[in-house]
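Notes for the structure review
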Amino acid sequence: MDVSFLGGPKPQRGVGIVAPFDFALDRELWRWVPDDVSLHLTRTPFVPVEVSLDLARLVSEHETLREGVRALTAVAPEVVAYACTSGSFVGGTAGERAMTAAMAQSGEVPSLTTSGALLAALEEIGAHRIAVVTPYTKSVTDSLEEYLAEGGMSVTGRSYLGLTCHIWKVSYREVVDMARQAAVDAPDALFISCTNLPTYDVIPQLEAELRMPVLSANQVTMWAALKSIGKEAVGPYQALLDPVARSGPAAMAPAPPPEPRAAEPPSTEPEAALTGAGTEPGDPLDTAHDPAHPAQSEEWGPQPPA
């Protein structure tokens, strides 16, 4: 059968990903990727250490990162991202810059890290006061807060699970519960840390509930990597990615209440006041077309489907 009319596969742009050995969310990364981009993933060597500051340091050693980048050069990606939050913030902002430089030098290709992408994304949306959600222990969460402080951010609230393994098994419900606990004191944005924590579907729901931009580790990694090659990440109703959903943190804030209407003078004809009222005492009020009713308000922009 002649299939010459098909014209061959669609040309692809390449994004390389170096992930920790225990990374389990390959499919989630692909959900942010447009059809004409391919991801090429490799992993760091296994080490028998639980999730901790020690593990973060081991998986982000410069030679480990260089080997990961070299493994990807055969397929010629246009950019390489190190998809690990703790591994890229454990050395502070100076350590993150050194990792990026080591990767770029090894593969002679533009490189970035999750934590570097986080600061770029916070700058993109104009956020400085951040609520933080992590699956980590207290010591690793403290290290993230220190990194954000170095980057000029302040943490207004935080919530963490204290996990040392199997982070990819955390449910969306647990992520939502932590977000509600952390999002206090009116932060500019919420950040959900760890590339091994699933977040794609929960981001728009949390933004609709909390009325603030919500960023996640995998989201900012893919946003920054794709942006570096002139592509846009796919994320409907995600404020970082969808212009309809966001023009800055202020656009996500609740609208001010409507001004009270001036009182109308009482009718001098009691019978006329009741004529055509349309309801009997006790009938439910029809709010379907009331512009002040929350279901009809458009002050926060389009809402995601339930």
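Since this is a predicted model, take the numbers as computed values, not measurements.

Criteria and thresholds
Residues numbered from 1 in each chain as written. Predicted model: local features only at pLDDT ≥ 70, side-chain atom pairs only at ≥ 80, totals over all residues. Heavy atoms only, no water. Helix = DSSP H or I, 4+ residues; strand = E, 2+ residues; numbered from the N terminus. Buried < 20%, exposed > 50% of the residue type's maximum accessible area, 1.4 Å probe, protein only. Contact = heavy atoms within 4.5 Å. Areas by Shrake-Rupley, 256 points an atom, 1.4 Å probe, with all protein chains shown as cover. Pairing = 2+ DSSP bridges. Right-handed = clockwise from strand over helix to strand, strands pointing away. Phe/Tyr/Trp six-rings, centres within 6.5 Å; stacked < 30°, edge-to-face > 60°. Salt bridge = Lys/Arg side-chain N within 4 Å of Asp/Glu carboxyl O. Axes fitted to C-alpha atoms, helices over the stretch in contact; angles between N-to-C directions. Parallel < 35°, antiparallel > 145°, perpendicular 65-115°, else oblique. Left-handed = near helix turned anticlockwise from the far one by under 90°. Nonpolar A, V, L, I, M, F, W, Y, C, P; charged D, E, K, R; others polar. Arc of directions from axis to C-beta.

Let us look at the overall build of the chain. Regarding its fold elements, the chain presents 11 helices and eight strands. Buried positions account for 46% of the 306 residues belonging to the chain. A fraction of 74% describes how many contacts in the chain between residues 6 or more apart in sequence connect residues 24 or more apart. About 15800 Å² of surface is accessible on the chain, with carbon and sulfur atoms providing 55% of the total.

To continue, consider the pairing of strand 6 (residues 154–160). Relative to strand 6, strand 5 (residues 129–134) runs parallel, the two being bridged by six bridges. By the bridge assignment, Val-133 is partnered in strand 6 with Ser-159. Read as a crossover between parallel neighbours, the route from strand 5 over helix 7 (residues 138–150) to strand 6 is right-handed.

The next thing to look at is the packing of aromatic side chains. For the structure on display, the rule yields four aromatic pairs. Here Trp-32 and Tyr-200 contribute two aromatic rings whose centre-to-centre distance is 4.8 Å and whose plane-to-plane angle is 65 degrees, an arrangement assigned as edge-to-face. One end of the pair, Trp-32, is in the loop between helix 1 (26–31) and strand 2 (37–43); the other, Tyr-200, is in the loop between strand 7 (189–192) and helix 9 (202–210), and 168 residues separate them in sequence. Tyr-200 shares its class with Trp-32; the two are buried. Three or more aromatic residues link up through ring pairs in this structure, and these residues are Phe-89, Tyr-136 and Tyr-147.

Side chains carrying opposite charge are able to pair once their charged atoms draw close together. Tallied over the entire structure, the rule returns 14 salt bridges. Salt-bridge contacts for Lys-227 lead to Glu-124; the nearest nitrogen and oxygen are separated by 3.5 Å. Of this pair, Lys-227 sits in helix 10 (residues 217–228) while Glu-124 sits in helix 6 (residues 114–125), placing them 103 residues apart in sequence. The class for Lys-227 is partly exposed, based on a relative accessible area of 47%. As a salt-bridge pair, Asp-177 and Arg-180 come within 3.8 Å of each other at their nearest N and O atoms. Of this pair, Asp-177 and Arg-180 both sit in helix 8 (residues 172–182), three residues apart, which is roughly one turn of the helix. The partly exposed category is assigned to Asp-177, whose relative accessible area is 32%.

A few words now on the packing of helix 8 against helix 9. Where helix 8 contacts helix 9, the two axes come as close as 11 Å, and the packing angle between them is 30 degrees. For the element pair helix 8 / helix 9, the angle class is roughly parallel. Remark: the crossing between helix 8 and helix 9 carries right-handed chirality. Contacts from Tyr-172, Val-175, Val-176, Ala-179 and Arg-180 of helix 8 reach helix 9 at Val-202, Leu-206, Glu-209 and Leu-210. Its residues placed into classes, the contact of helix 8 with helix 9 shows seven nonpolar, no polar and two charged.

All right, on to helix 8 then. Buried within helix 8 are the following residues: Val-175, Val-176, Met-178, Ala-179 and Ala-182. All buried residues of helix 8 project into a common sector of 165 degrees when viewed along the axis, lining one side. Buried-residue contacts for helix 8 involve strand 5, strand 6, strand 7 and helix 9.

These results come straight from atomic positions and should not be treated as a statement about function.
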